[in-house]
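Chain by chain, the residues run as shown.
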Amino acid sequence: MLARLTKPKTLSCSFCGKTANQVARLIAGANGHICDACIGTCNEILKATPPGRTGWSEMDDATLLTGLATAEATVEATRGVLQAMIEELRARGTSWERIGAALGISRQAAWERFS
């Protein structure tokens, strides 16, 4: 009996979508992975948010301004992950209707936003 060969799964960051070959380190978690670059982004966010200060209104302008670039980088990384997931779903033949429903938007809105 011949053993069935399977292609090994390519590990990637659950946040930015980069593969293990594209990052210096990839750390496994319970339900995903995170790369060293995304950990760096998280650390920058934590540095920009002083302990004990949770509300935006409690932060001074300098603290909020310092956090803007990090917040924008986080948004862009998240957009990249979302786009990669949708591209994978489309490659599998998943309809725009199902993608839109999962996002709480119409089929047309999903197609316009992600195609």
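Look above for the structure.
Scoring rules and cut-offs
Each residue is numbered by its place in its chain's sequence as written, counting from 1. A pLDDT threshold of at least 70 governs which residues receive local features in this predicted model, and a stricter bar of 80 or more applies before side-chain atom pairs are shown or counted, although totals over entire chains, interfaces and linings include all residues. Calculated side-chain values reflect all of the structure's heavy atoms, with hydrogen atoms and water omitted. Here a strand is any run of E in DSSP of at least two residues, a helix any run of H or I of at least four, and the numbering for each starts at the N terminus. A 1.4 Å probe and the Shrake-Rupley method give the accessible areas. Residues count as covered only by the protein chains that appear here. When a carboxyl oxygen of Asp or Glu lies within 4 Å of a side-chain nitrogen of Lys or Arg, that pair is called a salt bridge. The rule is simple: take the accessible area with a 1.4 Å probe, protein chains only, and divide by the maximum for that residue type; under 20% is buried, over 50% is exposed, in between is partly exposed. As a rule, the C-alpha atoms of each element are fitted with a line to give its axis, helices using only the stretch in contact, and angles between N-to-C directions run from 0 to 180 degrees. By definition in this entry, angles of less than 35 degrees are roughly parallel, angles greater than 145 are roughly antiparallel, angles of 65 to 115 are roughly perpendicular, and the rest are oblique. For any pair of crossing helices, the crossing counts as left-handed if the nearer helix is rotated counterclockwise from the farther one by less than a right angle, and right-handed if it is rotated clockwise. Two residues form a contact once any of their heavy atoms are found within 4.5 Å. As a working rule, the residues Ala, Val, Leu, Ile, Met, Phe, Trp, Tyr, Cys and Pro are called nonpolar, Asp, Glu, Lys and Arg charged, and the rest polar, with Gly in that last group. Note that a disulfide, as used here, is simply two cysteine sulfur atoms within 2.5 Å. Here a cavity means grid points, on a 1 Å grid over the protein atoms only, where a 1.4 Å probe fits yet cannot get out; a pocket means an open set of points with protein on both sides within 12 Å along at least five of seven lines; lining residues are those with an atom within 4 Å of a point. Grid points are joined across faces, edges and corners, and a volume is the space filled by probe spheres set on the points.

Trainee: Before we go on, may I ask you to explain the overall build of the protein in this structure?
Mentor: Secondary structure assignment for the protein yields four helices and two strands. Summed over all atoms, the accessible surface of the protein reaches about 9000 Å², with 57% contributed by carbon and sulfur.

Trainee: Sorry, what's going on with the pattern of salt bridges here?
Mentor: When the charged atoms of two side chains with opposite charge come close together, those side chains can pair. In total, this model carries two salt bridges according to the counting rule given. Note that Arg-79 and Glu-76 form a salt bridge whose closest N and O atoms lie 2.4 Å from each other. Placement of both Arg-79 and Glu-76 in helix H2 (residues 61-91) is noted, with a separation of three residues, approximately one turn of the helix. Judged by its relative accessible area of 39%, Glu-76 falls in the partly exposed class. Among the salt bridges present, the one from Arg-92 reaches Glu-88, with a minimum N-O distance of 2.9 Å. For Arg-92, a relative accessible area of 62% puts it in the exposed group. On the accessibility criterion, Glu-88 (39% relative accessible area) is partly exposed.

Trainee: Before we go on, may I ask you to explain the packing of helix H1 (residues 36-48) against H2 in this structure?
Mentor: A pair of packed helices can be characterised by two numbers: the angle between their axes and the separation between those axes. For the pair H1 and H2, interaxial distance at closest approach is 9 Å and the crossing angle is 160°. What the angle tells us is that H1 and H2 run roughly antiparallel. The element H1 and its partner H2 pack so that their crossing is left-handed. Residues Thr-41, Glu-44, Ile-45 and Ala-48 of H1 touch H2, and the partners they reach there are Thr-63, Gly-67, Thr-70 and Thr-74. Class assignment of the residues belonging to the contact of H1 with H2 gives a composition of two nonpolar, five polar and one charged.

Trainee: Would you take a moment to explain the packing of H2 against helix H3 (residues 96-103) for this structure?
Mentor: H3 packs onto H2 with a crossing angle of 145° between their chain directions and a minimal axis gap of 10 Å. The two elements H2 and H3 meet at a crossing, and its hand is right-handed. Residue-level contacts link Leu-82, Ile-86, Leu-89 and Arg-90 of H2 to Trp-96, Ile-99 and Leu-103 of H3. Partitioned by chemical class, the residues of the contact of H2 with H3 number six nonpolar, no polar and one charged.

Trainee: Got a minute to help me understand the state of the cysteines in this structure?
Mentor: Two cysteines form a disulfide when their sulfur atoms are joined by a covalent bond. If you walk through the whole model with that rule in mind, you get zero disulfides. Here Cys-13 stays free of any disulfide, with the sulfur of Cys-38 as its closest cysteine sulfur at 3.7 Å. For Cys-13, a relative accessible area of 3% translates into the label buried. Cysteine Cys-35 is unpaired, with the sulfur of Cys-16 as its nearest cysteine sulfur at 3.7 Å.

Trainee: Please clarify how the layout of surface pockets should be interpreted in this entry.
Mentor: Gaps between atoms show up when a probe of the same size as a water molecule is rolled over them. Reported here for the largest pocket is a volume of approximately 560 Å³. Taken together, 17 residues line the largest pocket, and the ones lying closest to its centre are Thr-10, Ser-12, Met-85, Glu-88 and Arg-92. The element contributing the most residues to the lining of the largest pocket is H2, with five residues. When grouped by side-chain class, the residues that make up the lining of the largest pocket number six nonpolar, eight polar and three charged.

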